[in-house]
Amino acid sequence: MAKIIDGKKIAAETRRNIAERTAAFENTNGFKPGLAVIIVGEDPASQVYVRNKKKACEEVGFYSQVYEMPAETTMDELLGKIDTLKNDNRIHGILVQLPLPKHLDEQEIIAAIPPEKDVDAFHLINTGKIMLGEYSFLPCTPAGVMKMLEYEGIDVSGKDCVVIGRSNIVGKPMAMLLLHANGTVTICHSRTRDLAEVTRRADILVVAIGKADFVTGDMVKEGAVVIDVGMNRRADGKLTGDVDFASVEPKASAITPVPGGVGPMTITMLLENTLTAAVESVGK
Ligand code: GUN
């Protein structure tokens, strides 16, 4: 029987702490940390994420703004919006929800966000810092995973860590954070030969590929810690992760559920980054 890592509980505790620091910040400075979220188009999953981000901001006492732009928005219009927010001193964090509609160049948009307001840590400057281990902002999902491991007293040092998925948002920065915590890290992807042979070596297995119930019990070592970053919707409408919970849980020593695992931690780390951005803006 695995320990079920309760992301909701860890997120709630962390958010209470962020709310306290936010109140102290407002007391000292006379204004709130502010986050602007831009969503382009009507992707239903993105709409849910953005709604949750706004709600989370309100819970901890931030100022927040959501800008809903139509799917036909042009590069110039989106860059114009970012330019306005760049110069808005109520806004300390700017987040453009991804994915963007195909005709918009994500890299060019991310590059237009000033690194000090890039609370997703997607800008080239911030991704470079992640590589060096000199963070301004920790990337939200990987940082949420590290926080969960720390909370559960799971030491990464010297462990075999396997990350499935090599996205810029999760897989690559996840591998870096595990490496900086002295894990021995392997990144697997769609071209990995004999994936199960690699994943069975993992003491800590992080799965971020976006395929429902992909990792099954036979791919996991007895006693492994399994972190499921996936968020997929089954045909019957139910949410499910990338890990087949029923077959993996009996083998794991600890496992995150979906929903209620990594998801709430990602938004919590976004709040942490926004507070950091506000604090650093005062120092200037
Ligand atoms: N889409 C999926 N995850 C994320 C995220 O962490 N940030 C942004 N901006 N878009 C996303």
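See above for the structure.
Because the structure is predicted, anything quoted here is derived from the model rather than measured. (Residues numbered from 1 in each chain as written. Predicted model: local features only at pLDDT ≥ 70, side-chain atom pairs only at ≥ 80, totals over all residues. Heavy atoms only, no water.)

**Student:** Please provide a residue-by-residue account of the site of the ligand, values included.
**Tutor:** Near the ligand the following residues occur: K53, L95, V96, Q97, L98, D120 and F122. Here a nitrogen atom of the ligand and a backbone polar atom of V96 are 2.9 Å apart. One nitrogen or oxygen atom from the main chain of L98 is found 2.9 Å from a nitrogen atom belonging to the ligand. Its free accessible area being 280 Å², the ligand has 81% of it covered by the protein chains. (Near = heavy atom within 4 Å. Polar contact = N/O pair within 3.5 Å; in protein donor to acceptor, adjacent residues only side chain to side chain. Areas by Shrake-Rupley, 256 points an atom, 1.4 Å probe, with all protein chains shown as cover.)

**Student:** Which residues make up the pattern of salt bridges, and what are the values?
**Tutor:** Using the criterion set out here, one finds 10 salt bridges in the structure. K221 is the salt-bridge partner of D203, the closest N and O atoms lying 2.7 Å from each other. In this pair, D203 sits in the loop between α8 (195–199) and β7 (204–207) while K221 sits in the loop between β7 and β8 (225–228), placing the two residues 18 residues apart along the sequence. Since its relative accessible area comes to 22%, D203 is described here as partly exposed. A residue is classified by how much of its surface remains accessible, and K221, at 31% relative accessible area, is partly exposed. (Salt bridge = Lys/Arg side-chain N within 4 Å of Asp/Glu carboxyl O. Helix = DSSP H or I, 4+ residues; strand = E, 2+ residues; numbered from the N terminus. Buried < 20%, exposed > 50% of the residue type's maximum accessible area, 1.4 Å probe, protein only.)

**Student:** Please provide a residue-by-residue account of the sheet that holds strand β4 (residues 93–96), values included.
**Tutor:** The strand order across the open sheet built from 3 strands is β3-β2-β4, with neighbouring strands paired in parallel fashion. Strand pairing shows two members of the sheet lacking a second neighbour, β3 (63–69) and β4, which therefore form its edges. Between one strand axis and the next, the sheet turns by 15° as a mean value, whatever way the strands run. (Pairing = 2+ DSSP bridges. Axes fitted to C-alpha atoms, helices over the stretch in contact; angles between N-to-C directions.)

**Student:** Now, about the packing of helix α1 (residues 7–29) against helix α2 (residues 44–60): what can you tell me, with residues and values included?
**Tutor:** Close contact between α1 and α2 brings their axes to 8 Å; oriented N to C, the two are set at 55°. By the criterion of interaxial angle, the relationship of α1 to α2 is oblique. Residues R15, I18, A19 and T22 of α1 touch α2, and the partners they reach there are A56, E59 and V60. Among the residues forming the contact of α1 with α2, the class breakdown is 4 nonpolar, 1 polar and 2 charged. (Parallel < 35°, antiparallel > 145°, perpendicular 65-115°, else oblique. Contact = heavy atoms within 4.5 Å. Nonpolar A, V, L, I, M, F, W, Y, C, P; charged D, E, K, R; others polar.)

**Student:** Requested: an account of the nonpolar core, with residues and values cited.
**Tutor:** Among the nonpolar cores identified, the biggest contains 49 residues, and L149, L178, V206, I227 and V229 are the most heavily contacted of them. Looking at which element gives the most residues to this core, the answer is helix α10 (residues 262–282), with 9 residues. Beyond its immediate stretch of four places on either side in the chain, V206 contacts V162, V163, I164, M174, L178, I227 and V229. (Core = buried A, V, L, I, M, F, W, Y, C linked by side-chain atoms within 4.5 Å.)

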